[in-house]
Each structure stands twice: as C-alpha cells, then as structure tokens.
Amino acid sequence: MRRLLRSALLSTVALTTSNAYTATTVTMSATGDVAPPTPKHTLYDMPVSNNGARCRLILYKKNIPSSEVSIVPPSALGGLKSPEYLALNPQGKMPLLAVSETSGSGGGGIAALPESDTICRYLTSNYRDVGPSFLPDDPRSNLIARLHDVYVAPVQGCLYKPAGYPFGIHRMRKDAVAELRKQLGIIDGAIEEGGETDGLYLCGREVSLADATLFPTMVFVKYMLPKFDVPENEALPPKIGAWFDAVKEGDPDFARVYDEVHGALEQWDANGRWDTIWMAGVRDAAPETIFDKIVAGDIPASIVRDEKDLLAFEDINPASPAHVLVIPKDRAGLSSLRESNPEHIEILGKLLVAAGEIARDESLGFGDGARIVINDGKDGGQEVPHLHVHVLGGRELTWPPG
C-alpha cells in the first residue's frame, strides 16, 4: 500500500512544473511528452502557512534545489481533505513532507512526515553537510522554538479564524488575543535573558531553529494584531520587534519568506478575510447602557457575584421575592440573545452556570427552584439592550408568564 501511495504521489508531483517558490526544469521525451525530474522529497505547503514557512526557510538558507525537495501546494493531491492527502497525513494539515522511497535519505521507511518541527529536524539532519546547521550550541534555540509551538501556535488562530473555533484552551477571542500577547512577552523575556548578542539572529551570528520558527509567525502577528486595535508599534514586543526588523532587512532568505507570507495575507485582506471577524471587522458600536455604568462602578448596585467575565446583582424592581440579574461585563455585541453567534458560546455558558448556582443560594431568598429567563427584544419584554439573565424565585411561579 505504501509503495502504491508513493507511486501515486510522485506521479501527481510530476504534473507540477512550477510553484510559488521554485521552478522545475522541464525536459521533453522523444515522443514529446513532458518528463520532469522526480524530486527526492516533496513539501506540500502554501505561501500563507507560517508553519510551512519555517521549513521553507531551512530549504532557502541551505540552498537545497527543487531536484532534492520540490515545493507544491496540497491541491497537487486534490487538497488537504482528499483521500490521497489524508492517506499521507490523516490530520489533513500542512506542511507535509513526502519522502521518496528511492531517495536513500534515511527516511526510516516513513512515506511522509507531517508537522513542521519534525520536518525541520529531518531536513537539518538529512542535509547536515549543506549550509548552516540551524543547531547552534545555545539552549535558547530549542527553548524559543518550544515556547512558540506549545504556547503561541495553539492560540494564533484567534487572529484570523472565523467564529466557532476554539483557540487553544480559550473559546473567547479576546482571551486568546490577550494570551497570545502574554506568550510573546514571555518569549521576549527569554531572548532578553541571554543578554545582548553581536549577531543578526536570536542566538547571535548563527541562524537557528528559533529564527526559522518564530519569524513567519511574527509576520502574522505584525500584520494582524493592529486589526484588533493594538497599535502597530506595539504588535511585537521590543526585543522580538528589533530582531524581526533586522533579520528581515539583513537576510535575503528571511526577506523572501516575508514577501511570501505577507503577500498571501494581503490577498486574504483583499478577499475580506477579517470583515466578519469579531474585534477586527466587527465591533460593538451600540451606545452604553445602565448596565455598563454598573459594571464600571458609576452606579451602585447590590452585587451578588463579581467574576472576571460576569456580574450578578439584585434587580431594583424585583418581580419575585428573589430576583437577580446576571450580565456579561463586556457586552461584546450581545445587545440581545438574537445577536449571539458562535463567538458567544463560552460567555453564554458561563451566564447560565452562574444563574443555576445563584438559584441554589437560599441566602438570597431562593427556595425549591427558580425561573431563569432571558427576555429578548421589545416583544419579549427586554428593557435594557445588554443581554441579561433573570433569576426569579422565592415563591411558586405560575405558567404561562404575563
């Protein structure tokens, strides 16, 4: 089966005569058929992939020709979700390095290698005698690459993915953006701990896996964070920002990757990628309400619960002996429940969990159960255009309500 997959893979690759990064010399057979050379390896990748870009940086810095490693888009195999691609990488993600059976390259019998860090380490090992090693005698190289992969990569999607995706452990985009900036600050501190260097790269004069790993993602961050109301000059922390600008200007291979990734992001922009993304193309422009003033402390209230994302307080016009309102501190477009979308899944869950816990609190006057209500719009009896959950109890309530 593996031989068949490799055969099909190489047959598909042979149809690709050029791509965004390399040009493949095409020769003609005696019958006039196109007969391109078969590469030893094939990297499935696209210019917009920051993870794939770290692999491309290694190829560029080592000056590895397309006869060794050809770069083609996943569409050469029918796309990321095609059976042919999934047979090589069941995760359906890029980059993916297909290893030729006849390359003699120490692939260990593996048909394909997914995951950018694995690919990079394979390339640095397989082509150890070509160009820079990317493995300086400096622990910061592995440390920075590891910090990026464990803490930055899982949340970077908050900058460009549509609603409904989790961002690492975060469901709320604003939390993921804050986490991303926090982790960049931690990496900045790791750079600082090494002291000043007299070279262009993160570990001094020798380029490392840390440079290849961090640089493409910083192209993302520098381009995207300002869309989320972060000043452009604050998108990157100081040490990272200085290194990023220096290596982009001082190393033509990094400049090449910058142009590839940045150009793809500009195309995303032209296609309206951020038009519907909360905090970037979509914001809460509705006027403040009395609830915003209560959250700010400008208007007093009998507070029942005060948490990071929500506030609960007693209704000043109670409709039952126990009547508490639970609101999101940040309205985030939730002027009513009808305005909710997948961006609000986590906060809506938190509101209902808090309401249930409050309904069990006998000290607030609740007894055997409560009515938990969200009024929506004029017909639903909503008075304040800031979503709020009513928790009513302390007596037996009848149905239907008035």
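For the structure, see preceding data.
Residues numbered from 1 in each chain as written. Predicted model: local features only at pLDDT ≥ 70, side-chain atom pairs only at ≥ 80, totals over all residues. Heavy atoms only, no water.

**Structural notes on unusual backbone geometry**
Residue proline 95 follows methionine 94 across a cis peptide bond; omega there is 10°. With respect to the helices, strands and loops of the structure, proline 95 is situated in the loop between α3 (83-88) and β3 (96-99). Geometrically, the link from tryptophan 399 to proline 400 is a cis peptide bond, its omega value of 0° lying close to zero. With respect to the helices and strands, proline 400 occurs in the segment after β9 (389-393). Phi at asparagine 63 takes a positive value of approximately 55°, unusual for a residue other than glycine. Phi angles above zero are rare outside glycine, and methionine 279 is one such case at about 80°. Relative to the helices and strands, methionine 279 resides in the loop between α9 (252-270) and α10 (290-296). (Helix = DSSP H or I, 4+ residues; strand = E, 2+ residues; numbered from the N terminus.)

**Focus on the sheet that holds strand β7 (residues 322-328)**
The five strands are arranged β5-β6-β7-β9-β8 in an open sheet whose pairing can be described as antiparallel. Both edges of this open sheet fall to β5 (303-306) and β8 (371-373), since each of them pairs with a single strand only. Direction aside, the axes of adjacent strands within the sheet are offset by 15° on average. Here strand β6 (residues 310-314) runs beside β7; their pairing, made up of five bridges, is antiparallel. Paired with phenylalanine 313 across the two strands is leucine 325, which belongs to β7. Helix-sheet contacts for helix α11 (residues 345-359) involve β5, β6, β7, β8 and β9, and the interaxial angle to β7 is about 160°. (Pairing = 2+ DSSP bridges. Axes fitted to C-alpha atoms, helices over the stretch in contact; angles between N-to-C directions. Contact = heavy atoms within 4.5 Å.)

**With respect to the sheet that holds strand β4 (residues 112-114)**
The strands making up a sheet associate through backbone hydrogen bonding, with each pair oriented either parallel or antiparallel. Strand order in the open sheet formed by four strands is β2-β1-β3-β4, and the pairing between neighbours is mixed. Of all strands in the sheet, those bounded by a partner on one side alone are β2 (69-72) and β4. This sheet shows a mean twist of 20° between the axes of neighbouring strands, independent of strand direction. Sheet topology places strand β1 (residues 41-44) next to β2; four bridges connect them, and they run parallel. Each bridged residue has a counterpart across the sheet, and for threonine 42 the counterpart in β2 is serine 70. Along the sheet face, helix α4 (residues 116-126) touches β1, β2, β3 and β4 and points at about 130° away from the line of β4.

**Some words on the pairing of β5**
With three bridges joining them, β5 and β6 adopt antiparallel strand pairing. Paired with aspartate 306 across the two strands is leucine 311, which belongs to β6. The hairpin formed by β5 and β6 contains three residues between the paired strands.

**Description of the packing of helix α7 (residues 209-224) against α9**
One way to put it is that α7 packs onto α9 with a least axis distance of 10 Å and a crossing angle of 35°. Where α7 crosses over α9, the two elements pack in a sense that is right-handed. Here α7 contributes Asp211, Phe215, Pro216, Val219, Phe220, Tyr223 and Met224 to the contact with α9, which in turn contributes Phe254, Val257, Tyr258, Val261, His262, Leu265, Glu266, Trp268 and Asp269. Among the residues forming the contact of α7 with α9, the class breakdown is twelve nonpolar, one polar and three charged. (Left-handed = near helix turned anticlockwise from the far one by under 90°. Nonpolar A, V, L, I, M, F, W, Y, C, P; charged D, E, K, R; others polar.)

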